[in-house]
Amino acid sequence: MDVGFLVFGLAGLLTLVCFMPPLAGRVKLPYSVLLAIVGCLLGIVIHVHGWAPAWIGDFLDSLERFEISSETFLMVFLPVLLFETALSMNVRRLMDDIGPILMMAIVAVVVCTVVVGVTLDAISPYGLVVCLLLGAIVATTDPVAVVGIFREVGAPKRLTTLVEGESLFNDAASIALYSVLLAVLSGKGELSVSGIFNDFIVHFIGGGVAGFAMGRLACFLFAWLRGFPTAEITLTLTLAYLSFFISEHYLNVSGVVATVIAGLVVGSTGRTRMSPTTFEHLSSAWEQFGFWANSLIFLFAAMLIPKLMAAADWQELVLVGVVFVVTLVARAIVVFGLLPLLGLTRLGTKVSNPYKVVMLWGGLRGAVSLALALAVTEQTGVPEEARQFIAVATTGFVLMTLFVNGISLRPLIRMLGLNQLSPVERTIRNQVLAVALEDLQGKTEEVAKAEHIGNEVRDRIRAVFDASLASVHDGRVSQMTDEQRVAVGLAIVAQREEEMFFDILKAQIVDWRMAETLLARAERLEDAIRLGGVEGFERAIAADVRYSTGFRLALRLHYVFGFQGWLARELGQRFANLMSKRSVAQRLIGFAREQITPLLGEEATQRIVSLHQRRLDLIENAMQALNLQYPSYAQWLQESYLGRVARELERIRYRDMLEQFLISGEVYADLTEQLKSRWAHIDKHPPLDIEMSAAELIKRVPLFEGLSPDSLRAISKLLKPRLALPDQRVLTKGRHGEEMCFVASGAVAVHLPDNTMIELGSGEFFGELGLLGEEQLTPDVTSLGYSKLLMLASRDFHALLARDENLRDRIQVVAKQRLRAIEVWKQFSQASAAAAATPAPVAGPSPAQAAEAAEAAGAGGPPEGEDLRAARELRGEPADGDDASGADASGADASGAAASGGSVMGTPEPAPR
């Protein structure tokens, strides 16, 4: 075929397509149905066009010469349609309903194949395999038909997600069944349930893995193409085709699943990896690609319908009606029978009956089913009778779903009320309309005065505003409950938060890794509000300041193996995330006061502000310990943040000057280069220094003062530096007797059995009694802030004491003091308990008496005053100004911590257990 006529034919079709959307609106038909009608007419006209002028005849001749094969549909159009739909879907919304989606995408295909195959086998002479093959072909809900019509009829977002998700994934199941059954029908395989199942599992999961890998690779390559939007968008187009073709022809897995997963990956993470302006153009570009592919595939498929239906007889048409009814029955079994059962499991979510009705009636078929039927007609190994039957049955069935289901889908949705706003949404709409109209009415009056417009005209315009305000007066927010108003306001603020984080990304104030984390947290917060209201918000803000899974794993590796690099990066990432969240949280409070008050009222706004203030307090508390422990890093973060803001403001200023023709393009380019050079230093991220050399840290421990250099070197080889997080358990009951700890910096809290607490600061140690075989008291120890500890294992402890007599004597002195204090504390506690259990008002022994009893028993300890001070310290009481080195069973006293420079690092926050 001449290339010029090929281009002429395609250009003519696209020109015809341009007028289809407005025509579909005028005749009140779904766009896909109108395309099918026009395609059928073209399929008839191209064979009888002798009456047409030369240029129309040449156009129809070029269409007649098009080689429309099944591979044209599957390789040229399908990847674009799948990728465009996946790219526009919200992955989190998809995962919320992944159970029903996979049920409809996999189980429904199997049920439809079996029900159609068994039914037709019982009433037709074509055999079970042929009937099963037809069932697999008609089981797929074509994404072209489903997505196109559902977008036009204004279906609810969740309903659209359910049906779009099904249409994206069920092609894989259908094509897997189709391939096995076609091989059996051609004599190249055997019908086996296990074979079909294994083939499907390999194709489906393998396609998902391949698509995910290629999608992540594309996201990585976006970093190399930043600043070149056309190149980035082109990469997404090639990704759609490459993921499909490579998976099908080289990996032997499902290209459909691979393309869908690749599109979901780019849609969910690509916007943080691309240049700031690219993602804004990406959606519109892919909307254009999808429009072309959607229109052409329907026209080409519909043009084949007259040819495929030419040899149909009345018996085959009756079977088409049977197939139509049977597929509805099979779909009803899944929608009304299996979906409710799935809802009883953890994978299922409840689907309302109106949604189920639309899901049942909205399972349209289209170009994919026609392409699979066309592929059967191209198989010479399949009997001609079977090819004819499959072609006619599939074509007739597709036409019935489009003209019966497709045309009636819009009235069905309206009848069920699914295209209407909920009462709350309607009330918010009315309130927004009232606020906007009141504001606009005032501004219109100002314009009228400034332009000296006559009173009569002003009165007419004012009447329009007054009539509109009167129509929404009865639907005010006052009819909503307080909880509803607060929940709606929180949802609005959460959506604004997501946009603020995206604006921060576009301004390059944070990098893509951090932006990815911030956007994911914002989406989770919005989901929590949508599902749980105020309670969901409170749970979400508490979880927002907890440590991430990566941080917990990095901390675990640090404790087990001593790895510090990953933990340092996670700490730095947490530091920067908290700072960005604090900045956004502060601005959200101002946004709520300014924008939410007119919509929801002062009372609801105040509660929303108080909830966000509580969130801000949690973020501040989480940052306080980090700021105190790493002041230099905190200062750099502030400098980097402010510098990035200044850089963006400078860039905006130059862009405005260029748009106002104050500077030329050459001057703008030179200023931009200078800007990059001026602010380059703020992108050089310094590492967070948590390197804790044992040789340096032991110098902070007074117990090691005066030891020889050789002893210090030997000790530093035995001690393992560790970082303890705020409120993290350092030495739990199960680990007593295995190791002891020295506090090099920071502070820890010793929790005694009587619910008292003693703080230990820098230079203190604990856990030595367990290593000495004294396990009379095994309290929990937690970190107060980010504390740097030196851990000494039991074996190394005994080796160290045997090697260094001076150090052994020092530790034994403190251990004896602590043992005496334990004994005194026990006697005092027992006497107090006995006094509390005695009915008569008999006072128990005083701490002094307990100390005397301990001394009389041969403790041979220090004078009564020291035992008294130790007992008081063990009970968390003041030490009466005595600053001697007392201790409890696990560490020294609070006064000793203060004397050695220990400090409590801010307000503790939850830490990984």
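This one's a predicted model, so the numbers in the text were calculated from it and none came from an experiment.

Asks: How should I be thinking about the packing of helix 3 (residues 31-45) against helix 19 (residues 384-416) in this particular structure?
Replies: Angle between the axes and distance between the axes are the two parameters that describe a pair of packed helices. Two numbers describe how helix 3 lies on helix 19: the axes approach to 10 Å, and their chain directions differ by 140 degrees. In this structure, helix 3 crosses over helix 19, and the sense of that crossing is left-handed. Along the contact surface, helix 3 presents V33, A36, I37 and C40, while helix 19 presents L399, L402, F403, G406 and I407. Classifying every residue of the contact of helix 3 with helix 19 gives eight nonpolar, one polar and no charged.

Asks: What exactly am I supposed to notice about the pairing of strand 7 (residues 780-783) here?
Replies: Within a regular strand, side chains alternate between the sheet's two faces. Side chains D780 and T782 project from strand 7 onto one buried face, and the interleaved V781 and S783 project onto a second face that is buried too. Note that strand 2 (residues 729-731) and strand 7 share two bridges and pair antiparallel. Following the sheet pairing, L731 is matched in strand 7 by V781.

Asks: Can you help me understand the environment of Y355 in this one?
Replies: Its place among the elements puts Y355 in helix 17 (residues 353-361). Y355 gets classed as buried once you look at its relative accessible area, which sits at 14%. Expressed as a C-alpha distance, the spacing of Y355 and L418, which sit 63 residues apart in the sequence, is 8.2 Å.

Asks: Could you clarify how one ought to interpret the nonpolar core in this entry?
Replies: Nonpolar side chains tend toward joint burial in soluble globular proteins. The biggest cluster of nonpolar side chains holds 139 residues, and the ones touching the most others in it are L13, L63, F73, L133, F169, F300 and F389. In terms of domain composition, this core takes at least three residues from each of domain 1 (3-65) and domain 2 (70-416). Listed in part, the 79 residues of the second largest apolar core include Y547, M579, M623 and L752.

Asks: It is not clear to me how the packing of helix 12 (residues 229-249) against helix 14 (residues 278-303) should be interpreted in this structure. Could you clarify?
Replies: Across the interface, helix 12 lies against helix 14 with an axial gap of 10 Å and an inter-helix angle of 45 degrees. With respect to their mutual orientation, helix 12 and helix 14 come out oblique. Helix 12 and helix 14 meet at a crossing whose hand is right-handed. Of helix 14, the residues touching helix 12 (which contributes P229, E232, I233, T236, L237 and A240) are T278, H281, L282, A285, W286 and F289. Taken together, the residues that form the contact of helix 12 with helix 14 break down as eight nonpolar, three polar and one charged.

Asks: Is there a simple way to think about the confidence of the model for the chain in this case?
Replies: Put simply, the chain has an average pLDDT of 78, and 83% of its residues get 70 or more. Per-element averaging of pLDDT across the chain places helix 36 (residues 894-899) at the bottom with 31 and helix 12 at the top with 92. Throughout residues 840-913 the model reports pLDDT below 50, and contacts reaching past four residues in sequence, or to other chains, amount to 169 contacts.

Asks: Any chance you could explain the sheet that holds strand 5 (residues 757-760) here in plain terms?
Replies: Within a beta sheet, neighbouring strands are joined by backbone hydrogen bonds and run either parallel or antiparallel to one another. Pairing is antiparallel across the open sheet formed by four strands, whose spatial order is 2-7-4-5. In this open sheet, the two edge strands, each paired with only one partner strand, are strand 2 and strand 5. Here the strands of the sheet are splayed against their neighbours by 35 degrees on average, with no regard to which way each runs. Across four bridges, strand 4 (residues 748-751) lies against strand 5 in antiparallel orientation. When the sheet's bridge partners are listed, V750 is paired in strand 5 with I758.

Asks: Is there a simple way to think about a nonpolar patch on the surface in this case?
Replies: A surface patch of nonpolar side chains, about 390 Å² in accessible area, is lined by V110, V114, V118, L128 and L191. No other element matches the three residues that helix 7 (residues 98-123) contributes to the nonpolar patch. Positionally, V118 belongs in helix 7.

Asks: Could you clarify how one ought to interpret unusual backbone geometry in this entry?
Replies: Trans peptide bonds make up most of the peptide bonds, and negative phi angles are found at most residues other than glycine. In this structure, N252 takes a positive phi of about 55 degrees despite not being glycine. In this fold, N252 is placed in the loop between helix 12 and helix 13 (255-273). Its relative accessible area of 52% is what places N252 among the exposed residues. For D727, which is not glycine, the phi dihedral falls at a positive 70 degrees. With respect to the element layout, D727 can be found in the loop between strand 1 (720-724) and strand 2. When its relative accessible area of 27% is taken as the criterion, D727 is described as partly exposed.

Asks: Hey, could you run me through the packing of aromatic side chains in this one?
Replies: Two measures describe an aromatic ring pair: the distance that separates the ring centres and the angle between the ring planes. Under the definition given, this model contains eleven aromatic pairs. Taking 6.0 Å as the distance between ring centres and 15 degrees as the angle between the ring planes, the aromatic pair formed by Y31 and F291 counts as stacked. You can see Y31 sitting in helix 3 and its partner F291 sitting in helix 14, a full 260 residues away along the chain. Over the face of the ring belonging to F591 we find R496, whose NZ or CZ atom lies 5.9 Å from the ring centre. Positioned above the aromatic ring of Y547 is the side chain of R574, whose terminal nitrogen or guanidinium carbon lies 4.1 Å from the ring centre.

Asks: Looking at this model, I keep getting lost on the pattern of salt bridges. Mind explaining?
Replies: Within this structure, the stated rule accounts for 17 salt bridges. Across the pair K581 and D544 runs a salt bridge whose closest N-O atoms are separated by 3.1 Å. Of this pair, K581 sits in helix 25 (residues 565-600) while D544 sits in helix 23 (residues 512-544), and the two are 37 residues apart along the sequence. Of the two residues, K581 and D544, neither departs from the other in class, the shared state being buried. Of the charged contacts, one joins R615 and D544 as a salt bridge, the two residues approaching to 3.5 Å between their closest N and O atoms. One end of the pair, R615, is in helix 26 (residues 602-629); the other, D544, is in helix 23, with 71 residues separating them in the sequence. You can call R615 buried: its relative accessible area is 4%. Residues participating in the shared-partner salt-bridge network are E497, R521, D544, K581 and R615.

Definitions and limits used
Residues numbered from 1 in each chain as written. Predicted model: local features only at pLDDT ≥ 70, side-chain atom pairs only at ≥ 80, totals over all residues. Heavy atoms only, no water. Axes fitted to C-alpha atoms, helices over the stretch in contact; angles between N-to-C directions. Helix = DSSP H or I, 4+ residues; strand = E, 2+ residues; numbered from the N terminus. Left-handed = near helix turned anticlockwise from the far one by under 90°. Contact = heavy atoms within 4.5 Å. Nonpolar A, V, L, I, M, F, W, Y, C, P; charged D, E, K, R; others polar. Buried < 20%, exposed > 50% of the residue type's maximum accessible area, 1.4 Å probe, protein only. Pairing = 2+ DSSP bridges. Core = buried A, V, L, I, M, F, W, Y, C linked by side-chain atoms within 4.5 Å. Domains from an automatic or database assignment. Parallel < 35°, antiparallel > 145°, perpendicular 65-115°, else oblique. pLDDT = per-residue confidence, 0-100. Patch = residues over 30% accessible without salt bridge, like charges linked within 9 Å, V, L, I, M, F, W, Y side chains within 5 Å. Areas by Shrake-Rupley, 256 points an atom, 1.4 Å probe, with all protein chains shown as cover. Salt bridge = Lys/Arg side-chain N within 4 Å of Asp/Glu carboxyl O. Phe/Tyr/Trp six-rings, centres within 6.5 Å; stacked < 30°, edge-to-face > 60°. Lys NZ or Arg CZ within 6 Å of the ring centre and 35° of its normal.

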